[in-house]
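As a plain string of letters, each chain reads:
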Amino acid sequence: MRFSLIPREEKFFDMFDEVAAILTRAAGKFHNMVKDYDLKDFEGLEAKATELKFEEHVANDAVERIIKALDRSFITPFDREDIHTLATSLDDVLDNMEETANRFVMFRIDKPTPEAISMVRIIKECCQHLEQAVQACRTLKNPQAVQNHLKEIGHLENEADQIYRDTERKLFANPPPDILLLIKWREVYSLLEATVDACKNASQVISEIVIKGS
């Protein structure tokens, strides 16, 4: 299996591990931010959103290092296009996550709904599975273990889809008196759904890499 035969491969796996770890750390912060949301402490809320923005910058830097290393490397652990696609797809997850956190602050919503908290929890769990799947790609000794993590992301995406459909239905069946609040929540739910979809997209890239390397 060529994943383990080329000494120069390790730097890419190290960098992907770094990006995946940032993703999981940021998702944990995002979950805590929404779970413990308190508009009364707006400065604290802003500070948490700023932490996520910082994590986004750190991830962007790490992804940029992967792209630059790709340009300089003659030998790569898997297809060059797959390396680029995986790096950018992981970055997309954090971009969506940070944008959603920013909306919570910008919209000054009184409190998160149970559905929103559930979707943020799903995002956190998806990121945890992505990190474990990325780590397991280093050797691919157990491709099925990687696929199991990716299947869990698929299950989580289905759960998020159902929550999203249910909340859309509730918003229009029982709209809030303030139409602006409806607009705000529609955008927040849409961004949460987009973040889960970004996790699913990253998992599909990993799946293709595993299939090619197994």
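Here, the structure is the one placed above.
Attention here is on the structure that accompanies the text. Every value quoted in this text rests on a predicted model; they were computed, and no experiment measured them.

## Let's talk about the side chain of threonine 113
Reasoning step 1: In this fold, threonine 113 is placed in the loop between helix H3 (80-107) and helix H4 (114-136).
Reasoning step 2: Judged by its relative accessible area of 18%, threonine 113 is buried.
Reasoning step 3: Among the polar contacts listed, one links the side chain of threonine 113 to the backbone nitrogen of alanine 116, at a separation of 3.0 Å.
Reasoning step 4: For threonine 113, the contacting residues outside a window of four places in its chain are Trp185 and Tyr189.

## Points about unusual backbone geometry
Reasoning step 1: Even without glycine at this site, arginine 108 takes up a positive phi of about 50 degrees.
Reasoning step 2: By secondary structure assignment, the location of arginine 108 is in the loop between H3 and H4.
Reasoning step 3: Accessibility expressed as a relative area gives 48% for arginine 108, which makes it partly exposed.

## Quick word on the packing of aromatic side chains
Reasoning step 1: What the rule picks out here adds up to five aromatic pairs.
Reasoning step 2: On the basis of an interplanar angle of 25 degrees and a centroid distance of 6.2 Å, the ring pair of phenylalanine 16 and phenylalanine 78 is categorised as stacked. Placement of phenylalanine 16 in helix H1 (residues 10-35) and of phenylalanine 78 in the loop between helix H2 (42-72) and H3 is noted, with a sequence separation of 62 residues between them. Each of the two residues, phenylalanine 16 as well as phenylalanine 78, counts as buried.
Reasoning step 3: Judged by centre distance (6.2 Å) and plane angle (85 degrees), the rings of phenylalanine 104 and tryptophan 185 are edge-to-face. With phenylalanine 104 in helix H3 and tryptophan 185 in helix H6 (residues 179-213), the pair connects residues that are 81 residues apart, well separated along the chain.
Reasoning step 4: Residue phenylalanine 104 is classed as buried on the basis of its relative accessible area of 1%.
Reasoning step 5: For tryptophan 185, a relative accessible area of 7% corresponds to the buried category.

About the thresholds
Residues numbered from 1 in each chain as written. Predicted model: local features only at pLDDT ≥ 70, side-chain atom pairs only at ≥ 80, totals over all residues. Heavy atoms only, no water. Helix = DSSP H or I, 4+ residues; strand = E, 2+ residues; numbered from the N terminus. Buried < 20%, exposed > 50% of the residue type's maximum accessible area, 1.4 Å probe, protein only. Polar contact = N/O pair within 3.5 Å; in protein donor to acceptor, adjacent residues only side chain to side chain. Contact = heavy atoms within 4.5 Å. Phe/Tyr/Trp six-rings, centres within 6.5 Å; stacked < 30°, edge-to-face > 60°.

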